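Remarks on the overall topology
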Amino acid sequence: MLEKDLLMFDEFFIQKQIKVFGAPLLLAVGTIGNLISFYILFKNTRKASTYTYLSVLAIMDILVLYVGLLRVWLVQLGIIVEDLNSVMCRLVTFLGYFCSDVSVWLIVIVTVERTIVVALPLKAPSVCNSKYAKLGITSVISIFFLLNLHFLWSMDLQYTVKNTTVTPECKAIEGYTYLVEIIWPWVDAAFYSFTPFVIIFVLNIIIIKNVINAKKARLVLRQQCSLSRPRAVKTQTHEHGEMSRRITCMLLAVSFTFLITVLPMNILIIRNSLIDNTETLKGLIRQRLLMTVAEMLMYTNHSINFFLYCATGKKFRGQFRALAASCCRNTLELRLRRNMSQRSFNVSMPLVKMNSSRTDYVNCEQFFDKGVQL
């Protein structure tokens, strides 16, 4: 059937609107948010190994959005990237699987690290450090690079002729059809959805249980603690514990978001394997709508970490405000200099001093009060 005929079905129209308008929105939000997250987190990698994982996660999420979500949107515009040539066919397929797997398993290993910090605090310093963070990241990248490497030779353009029209399509080559089309969807579901879901769910329960027990223990300790204890030691211990709790809260938000956004896809994969709803055209379109919604939820997981960091991280919010204020100051200074240069001022007019220990946004009204035309 032609697309204009399919638009008669409400489900198909909704599916198309989600891809046409939802995909670029997530792409824009995810790109800006992940770039800001990477900038802030990368500056703090020396403070905690967790930030090393999360900074790499921000980059991988950007790659997922541009290799996967951008492709979904371009299809709606009539551009199928993987069908352009053999190189794009193999590379786009490989990167699509590789980046998605690495992104998800970075969440897994950072959840493992946080579980060690919470459950085994005495062993944490020897395991949860920059050295092992780099080793963990390198291991995840290497494993999934090798796991998905076969796409570089198992995929190629296949040409079909219909009514004297030659149509290219990126498909598995002969000899790899069963692997790519039958086996690999389940392998991908296991590595991207099912296994990470179970691991993160179990570890989050362990983390929450230990956090509750630790909170009870702290309350008892405070009651028994002597007031003569050195204040410096108390302050240092409190600051370290507070930082650990903030990181734990941030990671719980990230991991639970992953569980929520991936759960619908897991349910649909199991449901579709047990129930066949594709016998009728309406059933097929309805199934595709559900898969589209689940797919967009998965891409949402790669787009909103910045907002989770802002919601759960006080220091992250502070550094973001400082970054925004710095950008605002630089922009205003640039506009002032440009304005002064264009008007060729002969009288030297000192710029308003904007360096401040505070991270508040610059109030633009102060410039108008001094008679400066921006």
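Residues numbered from 1 in each chain as written. Predicted model: local features only at pLDDT ≥ 70, side-chain atom pairs only at ≥ 80, totals over all residues. Heavy atoms only, no water.

**Structural notes on helix α4 (residues 86–119)**
Counted at 1.5 Å a residue, the expected span for α4 with its 34 residues is 50 Å, and the 49 Å between its end C-alpha atoms agrees. The buried fraction of α4 amounts to 24 of the 34 residues, a majority that puts the element mostly inside the structure. Backbone nitrogen of Val87 and a side-chain oxygen of the N-cap are separated by 3.2 Å at the start of α4; the cap is Asn85. (Helix = DSSP H or I, 4+ residues; strand = E, 2+ residues; numbered from the N terminus. Expected span 1.5 Å × (residues − 1). Buried < 20%, exposed > 50% of the residue type's maximum accessible area, 1.4 Å probe, protein only. Polar contact = N/O pair within 3.5 Å; in protein donor to acceptor, adjacent residues only side chain to side chain.)

**Focus on the side chain of Thr31**
Along the chain, the position of Thr31 falls in helix α2 (residues 10–43). By relative accessible area, which is 14% here, Thr31 ends up buried. A distance of 2.6 Å separates a polar side-chain atom of Thr31 from the backbone oxygen of Leu27.

**Some points on the UniProt feature "transmembrane region" (unreviewed entry) in the protein**
Within this structure's numbering, the places UniProt gives as "transmembrane region" (unreviewed entry) are residues 20–42, 54–74, 94–120, 132–153, 189–212, 247–269 and 289–311. Each end of residues 54–74 is marked by a C-alpha atom, and these two atoms are 29 Å apart; helix forms 100% of the span and strand 0%. (UniProt positions renumbered as here; feature names shortened; annotations may be inferred.)

**Brief notes about the side chain of Arg114**
Tracing the backbone shows Arg114 in helix α4. Of the buried charged residues, Arg114 lacks a salt bridge, with Glu113 as the closest side chain of opposite charge at 4.7 Å. Only 3.3 Å separates the side chain of Arg114 from the side chain of Thr248, close enough to count as a polar contact. Apart from the residues lying within four places of it in its own chain, the contact partners of Arg114 are Thr50, Ile207, Ser244, Ile247, Thr248 and Leu251. (Lys, Arg positive; Asp, Glu negative; His and termini not counted. Salt bridge = Lys/Arg side-chain N within 4 Å of Asp/Glu carboxyl O. Contact = heavy atoms within 4.5 Å.)

**Concerning the state of the cysteines**
Considering all chains together, one arrives at 1 disulfide under this definition. The residue that forms a disulfide with Cys89 is Cys170, at a sulfur-sulfur distance of 1.9 Å. Torsion about the S-S bond of the Cys89 and Cys170 cystine: about 75°, corresponding to right-handed handedness. Here Cys170 lies in strand β2 (residues 165–172) and Cys89 lies in helix α4, a separation of 81 residues in the sequence. (Disulfide = S-S within 2.5 Å.)

**Remarks on the packing of α4 against helix α8 (residues 177–224)**
Relative orientation of the contacting elements α4 and α8 amounts to 20°, with a least axis distance of 9 Å. As far as their axial angle goes, α8 and α4 are roughly parallel. As for the relative orientation of α4 and α8, their crossing is left-handed in sense. In terms of residue class, the contact of α4 with α8 is built from 18 nonpolar, 6 polar and 3 charged. (Axes fitted to C-alpha atoms, helices over the stretch in contact; angles between N-to-C directions. Parallel < 35°, antiparallel > 145°, perpendicular 65-115°, else oblique. Left-handed = near helix turned anticlockwise from the far one by under 90°. Nonpolar A, V, L, I, M, F, W, Y, C, P; charged D, E, K, R; others polar.)

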